[in-house]
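A structural walkthrough
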Amino acid sequence: MLQIIGLHAYYGMIHILQGVDLDVGEHEIVGLLGRNGVGRSTTCKAVMGLVAARGSINWRGRNIVGLRPDQIAHLGIGYVPEDRQVFPTLTARQNLELGLKRAGRFGRWRFADIYDLFPNLRDRQHVLAAQLSGGEQQMLTISRTLLGDPDLIIVDEPTEGLAPKLVARVGEVLREIARRGIAILLIEQKLTIALQISHRLYVMGHGRVVFTGTPAELAAEASVRRQWLEV
Ligand SMILES: Nc1ncnc2c1ncn2[C@@H]1O[C@H](COP(=O)(O)OP(=O)(O)O)[C@@H](O)[C@H]1O
Ligand SMILES: [Mg+2]
């Protein structure tokens, strides 16, 4: 459904993405791995129209390069950025309502579905987002994105800074979201949940894809892990 071909992006004079090729199929969980600074977030932002890019980003056969972020979201691509953008002075519930507004209606997800997925948010719905823990803010951002009824979500480092128990929980939740028919492009640095839940993986190094394969194939490629992933 998403097909990125020969994607290039620059920050000023610096050539960040140097011909990225990447596909996500319907219902697929695809992991995009790499060390800090290799261009994973820039790839996400290019797909979402948040950084200028050259190349093709085909979404269901249509090239979306050059569209505005709101147009891209409206076509069914949801984005959970790495910096958990909750509205701190609104309650959790109000944050969720903002996600809903973007779609203007309920789609696959109603508040009850969200609260089933994240029981914590049901208990904490009237708490200001600023007072939620890092894990709860992450859940809130994912939920708000789901209420926009996307067919694909791009989730940028959702486990960053979370305790191991919460990391595992994020993995379970993403799997449950995928079970409901939503494709996922999961950005991670560590192998933990990406190896467990992804159908296919890409590894990026220096603005390029340096490995593509299944989790089992990556697990067998010690040299790829050593060169491009381990710190
Ligand atoms: N707004 C920006 N302006 C200039 N350089 C940036 C900006 N954002 C990221 N970079 C640089 O681009 C490179 C890729 O960054 P990024 O895509 O965020 O990497 P990753 O998400 O894989 O850690 C890094 O060298 C980073 O320092
Ligand atoms: Mg990043």
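This text follows the structure it describes.
Overall, the coordinates contain 15 salt bridges when judged by the stated rule. Each member of the salt-bridge network shares a partner with another, and the members are Glu26, Arg60, Arg108, Asp149 and Asp151.

Take the packing of aromatic side chains next. Inspection of every chain in the model, using the stated rule, returns two aromatic pairs. Here the aromatic rings of Phe106 and Phe111 are separated by 5.6 Å at their centres, their planes lie at 85°, and the arrangement is edge-to-face. Residue classification places Phe106 among the partly exposed residues on the basis of a relative accessible area of 30%. Between Phe111 and Tyr115, the aromatic rings sit 6.5 Å apart at their centres with planes inclined by 25°, giving stacked as the arrangement. Here the residue Phe111 and the residue Tyr115 both occupy positions in helix α4 (residues 111-117), the gap between them amounting to four residues, near one helical turn. Considered together, Phe111 and Tyr115 belong to a single accessibility category, that of buried residues.

Take the coordination of the magnesium ion (ligand 2) next. Bound to the magnesium ion (ligand 2) are the protein donor atoms Ser41 (OG) and Glu82 (OE), situated 2.0 to 2.6 Å from the metal. Of the two residues, Ser41 is situated in helix α1 (residues 40-47) and Glu82 in the loop between β6 (77-80) and α3 (92-103); the sequence distance between them amounts to 41 residues. A residue is classified by how much of its surface remains accessible, and Ser41, at 12% relative accessible area, is buried. You can call Glu82 partly exposed: its relative accessible area is 38%.

Turning our eyes to something else, we now look at the site of ligand 1. The immediate surroundings of ligand 1 are formed by Tyr11, Ile16, Arg35, Asn36, Gly37, Val38, Gly39, Arg40, Ser41 and Thr42. Within the backbone of Gly39, one N or O atom sits 3.0 Å away from an oxygen atom of ligand 1. Within the side chain of Ser41, one N or O atom sits 2.8 Å away from an oxygen atom of ligand 1. Isolated, ligand 1 exposes 560 Å² of accessible area, and the fraction of that covered by the protein chains is 59%. For the shell around ligand 1, the element with the highest residue contribution is α1, accounting for three residues. Here the residues of the shell around ligand 1 are counted per class, giving three nonpolar, five polar and two charged.

Conventions we followed
Residues numbered from 1 in each chain as written. Chains lettered and ligands numbered in written order. Predicted model: local features only at pLDDT ≥ 70, side-chain atom pairs only at ≥ 80, totals over all residues. Heavy atoms only, no water. Salt bridge = Lys/Arg side-chain N within 4 Å of Asp/Glu carboxyl O. Phe/Tyr/Trp six-rings, centres within 6.5 Å; stacked < 30°, edge-to-face > 60°. Buried < 20%, exposed > 50% of the residue type's maximum accessible area, 1.4 Å probe, protein only. Helix = DSSP H or I, 4+ residues; strand = E, 2+ residues; numbered from the N terminus. Donors = N, O, S within 2.8 Å, 3.2 Å for Na, K, Ca; no water. Near = heavy atom within 4 Å. Polar contact = N/O pair within 3.5 Å; in protein donor to acceptor, adjacent residues only side chain to side chain. Areas by Shrake-Rupley, 256 points an atom, 1.4 Å probe, with all protein chains shown as cover. Nonpolar A, V, L, I, M, F, W, Y, C, P; charged D, E, K, R; others polar.

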